[in-house]
Amino acid sequence: MVGELAVRFLLGGLIVSAFAVIGEVLQPKRFAGIFGAAPSVALATLGLAFANEGGDYAATAGRSMLAGAAALAVCSLLGQRLLAGAHWPAALVAGLQWVVWLLVALGLWAVVPR
Amino acid sequence: MSVLARIQVEPEKLGQTSWKAYAARFLLGGAITAATGLIAHGFGVGVGGLFLAFPAILPASATLVEKHSGKRAAADDCLGAVAGSLGLLAFGSVVWWLAAQAPAWLVLLVATVAWAVVSVVLWYLLESLLTRRADRPSSQVAHLANSRERSDSQQREKRGSDDDVSTAARGVVDGGPAADCASGAPGGRGTTGTAGAGDSTERGAAPGAGHDTA
């Protein structure tokens, strides 16, 4: 278990960093922002899920991911509104985005029939 | 300028970021991926799957963009992430649809391509819409300027044709050849109106170019 966690940590750290670097060197920022919602955690996690648990497990994870992606769209739009319209500091917006993402994702997961 | 031509790669930006920021991203990305595994282990794959779309990069990058390029650029970064998030819906759909019947590498490849295509197409549509909206006030100014030019030109033509009619009438009364010149006079004046319209179009286009704050 510890070994698997270490592999997840390394793989996740590398893929997230790679997408973050791609987003950093691109202009305009509206285009670079696409990489802020790159499938970095998904690629690292699903790669291991296929290897350890099989395709059916990965398919179920992919289905749940839809609620997470919808929540990410909501919190990205909220971030844009708060930064451009209300001029909130980005650090505060970042914290709020995590909370909003968690609430929306869990809310969608609870209401969508499985 | 075309929307796609605005995309640029600026490798020198990498030098502006401290090693601490890179380390923080690596640690955050690694921690979230490890936590996703633990959540799936503890609460089941249904809940764990939600975290495949956890905002691991966006909040950190928005904070960094605000520091280097300002709040407006950070807001633009978030708007781009909306397109990326909708691309993640395509990624998740492909995994859900294909995972049980295709090899892992093919599923992840097709899903990543689907994410990239959907995200870029949505960004293109969004960018085109915002560009059109930014150009609209200047287009209205150009349209008003053109209308004014046309109206001035018509008034000049009307005045000119009145003069020609009276000259022609005098010619008919006098029995001279002046009536043959009636159609020739206003033509030269209309050219001024066309040049003016061109000027106003150029004036109108100028503010639109500066809309991209990123």
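In what follows, the accompanying structure is described. Each chain has its residues counted from 1, following the order in which its sequence is written. Chains and ligands are labelled sequentially in the order written, the chains with letters from A and the ligands with numbers from 1. Owing to the predicted nature of the model, reporting of local features is limited to residues with pLDDT of at least 70; listing and counting of side-chain atom pairs is limited to 80 or more, with chain, interface and lining totals taken over all residues. Computation of side-chain values covers all heavy atoms of the structure but excludes hydrogens and water.

## A few points about the environment of Ala-60 of chain B
Here is step 1: Relative to the helices and strands, Ala-60 of chain B is located in helix 3 (residues 58-69).
Here is step 2: Here the alpha-carbon distance between Ala-60 of chain B and Ala-34 of chain B, two residues 26 residues apart in the chain, equals 18 Å. Secondary structure elements follow DSSP: runs of H or I no shorter than four residues count as helices, runs of E no shorter than two count as strands, and numbering proceeds from the N terminus.

## Considering the environment of Ala-70 of chain A
Here is step 1: Tracing the backbone shows Ala-70 of chain A in helix 4 (residues 55-84).
Here is step 2: Ala-70 of chain A sits in the partly exposed class, given a relative accessible area of 25%.
Here is step 3: Distance from Ala-70 of chain A to Trp-101 of chain A, taken between C-alpha atoms, is 9.0 Å for residues 31 residues apart in sequence.
Here is step 4: We call two residues in contact whenever any of their non-hydrogen atoms come within 4.5 Å of each other. Apart from residues no more than four positions distant in its own chain, Ala-70 of chain A is found in contact with Leu-108 of chain A together with Leu-89 of chain B. Here's how the labels work: a residue is buried when its accessible area is under 20% of the maximum for its type, exposed when over 50%, partly exposed in between, all with a 1.4 Å probe on protein chains only.

## Let's talk about the pattern of salt bridges
Here is step 1: We count a salt bridge whenever a side-chain nitrogen from Lys or Arg sits within 4 Å of a carboxyl oxygen from Asp or Glu. Counted under the stated rule, the structure contains 8 salt bridges over all chains.
Here is step 2: Two residues, Glu-4 of chain A and Arg-8 of chain A, come together in a salt bridge whose shortest N-O distance is 3.1 Å. One end of the pair is Glu-4 of chain A and the other is Arg-8 of chain A, both in helix 1 (residues 2-25) and 4 residues apart, which spans about a single turn.
Here is step 3: Overall, Arg-8 of chain A belongs to the buried group, its relative accessible area being 9%.
Here is step 4: Residue Asp-76 of chain B pairs with Arg-30 of chain A through a salt bridge whose shortest N-O separation is 3.3 Å. Placement of the pair is Asp-76 of chain B in helix 4 (residues 71-98) and Arg-30 of chain A in helix 2 (residues 29-32), with the two residues belonging to separate chains.
Here is step 5: Arg-30 of chain A sits in the buried class, given a relative accessible area of 5%.
Here is step 6: Three or more residues are tied together by salt bridges with common partners; here these are Arg-30 of chain A together with Arg-6, Arg-72, Asp-76 and Glu-127 of chain B.

## Some remarks on the interface of chain A and chain B
Here is step 1: Across the boundary between the two partners, chain A contributes 76 residues, which contact 82 residues of chain B.
Here is step 2: When two parts are brought into contact, each loses some accessible area as probed by a 1.4 Å sphere; the total of that loss over both is the buried area. For the pair chain A and chain B, the summed buried area comes to about 7200 Å², and 76% of that belongs to carbon and sulfur atoms.
Here is step 3: Taken together, chain A and chain B are joined by 3 salt bridges.
Here is step 4: Across the pair Arg-30 of chain A and Glu-127 of chain B runs a salt bridge, and its minimum N-O distance is 2.8 Å.
Here is step 5: For the side of chain A that touches chain B, the secondary-structure elements that each account for two or more residues are helix 1, strand 1 (26-27), helix 2, helix 3 (40-53), helix 4 and helix 5 (90-111) of chain A.
Here is step 6: Each residue is assigned to one class: nonpolar for Ala, Val, Leu, Ile, Met, Phe, Trp, Tyr, Cys and Pro, charged for Asp, Glu, Lys and Arg, and polar for all the others, Gly among them. The residue makeup of the side of chain A that touches chain B, split by class, is 51 nonpolar, 19 polar and 6 charged.
Here is step 7: In this analysis, strands are considered paired if DSSP registers two or more bridges between them. As judged from the 2 bridges shared by strand 1 of chain A and strand 1 (residues 8-9) of chain B, these two strands associate in the antiparallel manner. Considered in strand 1 of chain B, the bridge of Gln-27 of chain A is made with Gln-8 of chain B.

## Considering helix 4 of chain B
Here is step 1: Taking 1.5 Å of rise per residue, the 28 residues of helix 4 of chain B would be expected to cover 40 Å, and the 40 Å separating its terminal C-alpha atoms lies within 8% of that figure.
Here is step 2: Judged by how many residues are buried, helix 4 of chain B sits mostly within the fold: 21 of 28 residues are covered. Given the number of residues in a helix, its expected span is that number minus one, multiplied by 1.5 Å.

## Quick look at the packing of aromatic side chains
Here is step 1: Working definition: a ring pair exists when centres of Phe, Tyr or Trp rings (six-membered ring for Trp) sit within 6.5 Å. Plane angles under 30 degrees give stacked, over 60 give edge-to-face, the rest tilted. In total, this model carries 10 aromatic pairs over all chains according to the counting rule given.
Here is step 2: Pairing Phe-51 of chain B with Phe-54 of chain B gives two aromatic rings, centres 6.0 Å apart and planes at 15°, and the pair type is stacked.
Here is step 3: Of the residues examined, Phe-51 of chain B reaches a relative accessible area of 11% and is grouped as buried.
Here is step 4: Chaining the aromatic ring pairs together yields one cluster made of Phe-19, Phe-31 and Phe-35 of chain A together with Trp-115 and Trp-123 of chain B.

## Some words on the packing of helix 4 of chain A against helix 4 of chain B
Here is step 1: What counts as an axis is a line fitted to C-alpha atoms, over the stretch in contact for a helix, and the angles between N-to-C directions run from 0 to 180 degrees. With their axes 8 Å apart at the nearest point, helix 4 of chain A and helix 4 of chain B run at an angle of 165° to one another. As summarised for this structure, helix 4 of chain A and helix 4 of chain B are arranged roughly antiparallel, according to the angle between their axes. Once helix 4 of chain A is placed against helix 4 of chain B, the crossing between them reads as left-handed.
Here is step 2: Partitioned by chemical class, the residues of the contact of helix 4 of chain A with helix 4 of chain B number 23 nonpolar, 7 polar and 3 charged. An angle below 35 degrees is read as roughly parallel, one above 145 as roughly antiparallel, one from 65 to 115 as roughly perpendicular, and any other as oblique. Left-handed is the label given to a crossing in which the near helix is rotated counterclockwise from the far helix by less than a right angle, and right-handed is the label when the rotation is clockwise.

## So, the side chain of Gln-97 of chain A
Here is step 1: Positionally, Gln-97 of chain A belongs in helix 5.
Here is step 2: When its relative accessible area of 1% is taken as the criterion, Gln-97 of chain A is described as buried.
Here is step 3: Those residues within four positions of Gln-97 of chain A in sequence are excluded, and the remaining contacts are Cys-75, Ser-76 and Gly-79 of chain A together with Leu-58, Pro-59 and Cys-78 of chain B.

## A few points about the nonpolar core
Here is step 1: Phe-19, Leu-46 and Trp-101 of chain A together with Leu-88, Phe-91 and Trp-115 of chain B are the most contacted members of the largest nonpolar core, which has 68 residues in total.
Here is step 2: Ranked by residue count, the leading element in this core is helix 4 of chain B, at 12 residues.
Here is step 3: The contact partners of Trp-101 of chain A, leaving out residues within four places of it in the chain, are Gly-68, Ala-71, Leu-72 and Cys-75 of chain A together with Leu-50, Phe-51, Ala-53, Phe-54 and Pro-55 of chain B. Side-chain atoms within 4.5 Å link the members of a nonpolar core, which is a set of buried Ala, Val, Leu, Ile, Met, Phe, Trp, Tyr and Cys residues.

## A closer look at unusual backbone geometry
All names here are of chain A.
Here is step 1: Of the consecutive residues Gln-27 and Pro-28, the connecting peptide bond is found in the cis state with omega at -5°.
Here is step 2: If you trace the backbone, Pro-28 turns up in the loop between strand 1 and helix 2.
Here is step 3: The phi dihedral of His-87 falls on the positive side, at around 55°, and the residue is not glycine.
Here is step 4: You can see His-87 is positioned in the loop between helix 4 and helix 5.
Here is step 5: Judged by its relative accessible area of 52%, His-87 falls in the exposed class.

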